[in-house]
Each structure stands twice: as structure tokens, then as C-alpha cells.
There are 2 protein chains.
Amino acid sequence: MTTGVRRRMGVEERRQQLIGVALELFSRRSPDEVSIDEIASAAGISRPLVYHYFPGKLSLYEAALKRASDDLAARFVEPREGPLGARLLRVMGRFFDFVDEHGPGFSALMRGGPAVGSSTTNALIDAVRQAAYVQILSHLDVQDPPARLELVIRSWISLAESTALIWLDGRRIPRAELEKQLVHDFAALAAVSAAYDEEMGALLRRILKDEPADGPFADLVGRIVALAS
Amino acid sequence: MTTGVRRRMGVEERRQQLIGVALELFSRRSPDEVSIDEIASAAGISRPLVYHYFPGKLSLYEAALKRASDDLAARFVEPREGPLGARLLRVMGRFFDFVDEHGPGFSALMRGGPAVGSSTTNALIDAVRQAAYVQILSHLDVQDPPARLELVIRSWISLAESTALIWLDGRRIPRAELEKQLVHDFAALAAVSAAYDEEMGALLRRILKDEPADGPFADLVGRIVALAS
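Residues numbered from 1 in each chain as written. Chains lettered and ligands numbered in written order. Predicted model: local features only at pLDDT ≥ 70, side-chain atom pairs only at ≥ 80, totals over all residues. Heavy atoms only, no water.

1. Things to note about the overall build of chain A
The secondary structure content of chain A amounts to 12 helices and zero strands. Over its C-alpha atoms, taken along the principal directions, chain A stretches across nearly 70 × 35 × 35 Å. Residues classed as buried in chain A amount to 52% of the 229 residues present. Contacts spanning at least 24 positions in sequence make up 66% of the contacts within chain A whose residues lie at least 6 apart. When the accessible area of chain A is evaluated, it comes to approximately 10500 Å², of which 56% is carbon and sulfur surface. Of note, chain A has its 28 positive side-chain charges centred 6 Å away from the centre of its 31 negative side-chain charges. (Helix = DSSP H or I, 4+ residues; strand = E, 2+ residues; numbered from the N terminus. Buried < 20%, exposed > 50% of the residue type's maximum accessible area, 1.4 Å probe, protein only. Contact = heavy atoms within 4.5 Å. Areas by Shrake-Rupley, 256 points an atom, 1.4 Å probe, with all protein chains shown as cover. Lys, Arg positive; Asp, Glu negative; His and termini not counted. Charge placed at Lys NZ, Arg CZ, Asp CG, Glu CD.)

Given below as C-alpha cells:
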């Protein structure tokens, strides 16, 4: 009976099932430790049948990574309502959910595993970074970003990636603290840039104007002033 | 005559010459665009002779990368004298010198070129990051770093990498501004962490205590306060 049901799976349906099974395995252990045999066994099909749908482990890995990166990019989408700090904090919560769910696979990918250097995997990573960049610009209501704003946003994105990787390595700091910290880091990097550039200063003042007095940005400035005095 | 001189080169001397020639080419153009033929021609020897010293382009690339990473790590070394902000600013100057000298090769490597994913190249990149981390700890006079300090330092190192990469992509911001900005970014990330953790707060107060009133840290705090008011 079961076999009968399986035989009726269409090609695309079977591909999607294999991607799901592979992604699950690649998320729980470093992808170079996961064999095609294991994927076949977890999917309940034979090894040759896996190769019928995917020519090799790399193509299955890339398909799994494509699904994961679409999933991550979707989590960046946030309604354009309410204070910016609170919006970014919600996105950070979903980002850490993702990192938590895919820990070993995320680490292996970002630290340079066997599949890194494939132009497909690099393009997928870049697409996710670009999605994050576009979302942030949209929330800041900026169409034509000056070079210094682009630098702040893109370098903060890499800071968020490395913060997540360091967190995964032992989880020695509560993730809620890091989610909040990354919101503050964004404000801090923008403030450093604004301290030396009038255009960035004007932009930051516009953002801060709409932040609540008890929001994360105001809170941060208060704490830094207290620290310095 | 010239050929006679070349013939007398010892094996190690010839290897070092080839590494130098290759590094020069890999620094000026993306390494995947540089052929063994070109390296042979620039070194004034035949293609088969290159293969006599290096089994393939990857091994020559790895040797060139080893020399470049030793060079970069050496630039992190800074006398433990004077205010910390000024020390870090001098290191940032030497870091941007390096990035400037090896621009296309640095970009290709860090953005994931054909040789990325080689365990040797990844290990070399990690060794340079570790050298930077150890230098910073030593300047901060910390033997046993708490997790939050390790996070600040390591995530700042990745911020410095991405700032340099973004700078190389069009050089739209003067590098002197970015060198100074990275010193401030370090202080800002430490301040964010210190704002929520007493141990980090004590550490940062100890650092700030020895900074001059007209140094970069004090300057930054003043500017952020001005911005917020």
C-alpha cells in the first residue's frame, strides 16, 4: 500500500519531498557528514532513485539551500508600521529562530564547507544579503542610498551573520540579548557614521525623531552617556 | 647569461620567486583570471617548470595566500604604548594598506572565489582572524575573555573585513574616514555590550579611563550625545 502511494508521487512532488528530507538532515549535522544513502533511507527510497531526481549531492544541497534561503528572506518581511527599533527587533527574533533551526548547516555554509565556492551557493548567500539590504532601505524610506548608508547597512548585515555564528558556537550568551544587541549595534554604527557626515546625521535624526522615548534607541543613548560620565 | 643566472637558483629560492610573482598577479586581478602560463611568463620560465615546483595552480595560490596572510598578521603587531584608540587607528592604516595592495585578490578570496572551500585557504583566513583577536586581547590586557568580550572582538573583526570589501567595491568613501570609523565602531560595539553587562561595563570604563580627553573615544561620545539632543 505504502509503496503504491509512493509510486504515485509526481516528479516535482518527489523532488520537493527529497529537498525537505535533505534540508532537515543538512540542518541538524554538517552537510559534509550527510550521505546520499542517509537521505535515501530517510526518504524511504533507494539510492539510485535519489540520483534519478538529483544528479549528485551538490545539486540536492543547492536545492535545499535554495529552499532555506527563500525561507530566511521571507522572515525579513515586516509590516511598515510602528517604531523602527521594534520592527528590527521582531526581524532579529525570526532571524535567530532560523539560525536555531538550521544551526549546524548554517555554520558549515557560512564558515566554508565543501560546497562553498560553488557559484550557486555563493549566489544564494548574496541573494539573502541583498533581500535584507532592500528590506532595511525600504523601512528607512530611502530610495537612493548614499554610499555611507549602504556601508552601514551592508556591514551591519555581516555583523548580524557573525554574531549568529559566534552564538551557535557554544550558545554562551542568551539569544534574546543578542537580538536586542543587534538592534542597538545598528543604531550605534549609524551613529558613528552620522557623527562624521551631515547627510547621515540628518537621516539618523529623522529616524530617531519617530522612536519612542522608552524605545531601544533612546535607551541605548542614555546608557552610553551614563557609561561615559 | 640571464638563463645561466636562472639555472643557478636553488629549489627554495625558485619557489619563493614564483610565489612572489604569483602573489603580485593574484593581487592585481581576480585569481581565477590568472593562468599558469601567465605566471610562467612573468617569472621568465616555462610552464612545465612551474609545475615542477608546484603541482597545480591551487597549490601555488595557497602558497601565495600563505605569504599574504603572514604579511597581514605581521601588520597587526603594534607596540603596547600610548592610548588604545591611537594604537588601533595605526593598525587600521596598515590593514587598509594591505587591502589596497591586494584589492582584487582580497575581494575574490573573501567573496568566495574558486579556491574558497579548500580547507587550506579557510584555515589561513581563520589564522589571520585569530591573530587579530589575540592582538586585541593582548592590548586590552585581558587573559581570560568573557563570552561577551570575545563576541565584540570577533564580530568587530568581521565588520572590519566587510567594511574593507565594501570600500574596494568602488572606493566611494575615503579610506582614512573608514580607518577612523572602524576604531569608533569598536568602541560603539563595546559600549552597546557594556550598556547591558556589568563585566563589560567595568572593562570599558577601565579602557576609557586611559584615553585622552581629545582622543577618538571621547570625541565619539561627545558627537553621539550631540546627535541625540
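Anyway, onward from the coordinates.
2. A look at the relation of the copies chain A and chain B
The second copy of the chain is related to the first by a rotation about an axis and a shift along the axis. Between the two copies, chain A and chain B, the superposition gives an RMSD of 0.0 Å; the rotation angle is 180 degrees and the shift along the axis is 0.0 Å. Here the transformation between the copies is reduced to the relation of a two-fold axis. Mapped onto chain B, 100% of the interface residues of chain A are again interface residues, and the two copies thus contact each other with one and the same surface. (Least-squares fit on C-alpha atoms with pLDDT ≥ 70 in both.)

3. Quick notes on the interface of chain A and chain B
Residue-level contacts link 46 residues of chain A with 46 residues of chain B. Of the roughly 4000 Å² buried where chain A meets chain B, counting both sides, 68% is carbon and sulfur surface. There are four salt bridges connecting chain A and chain B. With its nearest N and O atoms 2.6 Å apart, the salt bridge here joins A:E177 to B:R148. Counting every contact that joins chain A to chain B gives seven residue pairs in polar contact (both at pLDDT 80 or more). Elements that contribute at least two residues to the side of chain A that touches chain B include exactly α9 (147-168), α10 (175-194), α11 (198-209) and α12 (216-228) of chain A. (Buried area = accessible area lost by both parts, 1.4 Å probe. Salt bridge = Lys/Arg side-chain N within 4 Å of Asp/Glu carboxyl O. Polar contact = N/O pair within 3.5 Å; in protein donor to acceptor, adjacent residues only side chain to side chain.)

4. A short note on the environment of B:Y53
Looking at where B:Y53 falls in the secondary structure, it is placed in helix α4 (residues 47-53). Of the residues examined, B:Y53 reaches a relative accessible area of 14% and is grouped as buried.

5. What about the nonpolar core?
Grouped together as the largest cluster of nonpolar side chains are 150 residues, with contacts concentrated most on A:W156 and B:W156. Excluding anything up to four places from it in sequence, B:W156 contacts A:L159, B:L88, B:M92, B:I136, B:L151, B:L182, B:D185, B:F186 and B:L189. (Core = buried A, V, L, I, M, F, W, Y, C linked by side-chain atoms within 4.5 Å.)

6. Describing the UniProt feature "domain: HTH tetR-type" (unreviewed entry) in chain A
Here, UniProt's "domain: HTH tetR-type" (unreviewed entry) annotation points to residues 12-72 of chain A. Span residues 12-72 of chain A is 79% helix and 0% strand, its end C-alpha atoms 22 Å apart. (UniProt positions renumbered as here; feature names shortened; annotations may be inferred.)

7. Concerning helix α6 (residues 84-101) of chain A
Here α6(A) is 18 residues long and its end C-alpha atoms lie 26 Å apart, about the 26 Å a rise of 1.5 Å per residue gives. All buried positions along α6(A) are accounted for by A:L84, A:G85, A:R87, A:L88, A:V91, A:M92, A:G93, A:F95, A:F96, A:F98 and A:V99. (Expected span 1.5 Å × (residues − 1).)

8. A look at the packing of aromatic side chains
Residues and elements named next belong to chain A. With the rule as written, the count across this model stands at 10 aromatic pairs over all chains. Ring plane angle 75 degrees and centroid distance 6.5 Å describe the contact between F95 and F106, whose orientation is recorded as edge-to-face. Pair noted here: F95 is in helix α6 and F106 is in helix α7 (residues 103-111), with a separation of 11 residues, a long-range link. Among the residues examined, F95 registers a relative accessible area of 6% and is labelled buried. With a relative accessible area of 7%, F106 lands in the buried category. Here W156 and F186 contribute two aromatic rings whose centre-to-centre distance is 5.4 Å and whose plane-to-plane angle is 90 degrees, an arrangement assigned as edge-to-face. (Phe/Tyr/Trp six-rings, centres within 6.5 Å; stacked < 30°, edge-to-face > 60°.)

9. What to know about the packing of α9(A) against α10(A)
All names here are of chain A. Running from N to C, α9 and α10 point in directions that differ by 155 degrees, and their axes come no closer than 10 Å. As the angle between them shows, α9 and α10 are arranged roughly antiparallel. For the pair α9 and α10, the sense of crossing is right-handed. Of the residues in α10, those touching α9 at R148, V152, I153, W156, L159, A160, T163 and W167 are R175, L178, L182, D185, F186, L189, A190 and S193. For the contact of α9 with α10, the class distribution of residues is 11 nonpolar, two polar and three charged. (Axes fitted to C-alpha atoms, helices over the stretch in contact; angles between N-to-C directions. Parallel < 35°, antiparallel > 145°, perpendicular 65-115°, else oblique. Left-handed = near helix turned anticlockwise from the far one by under 90°. Nonpolar A, V, L, I, M, F, W, Y, C, P; charged D, E, K, R; others polar.)

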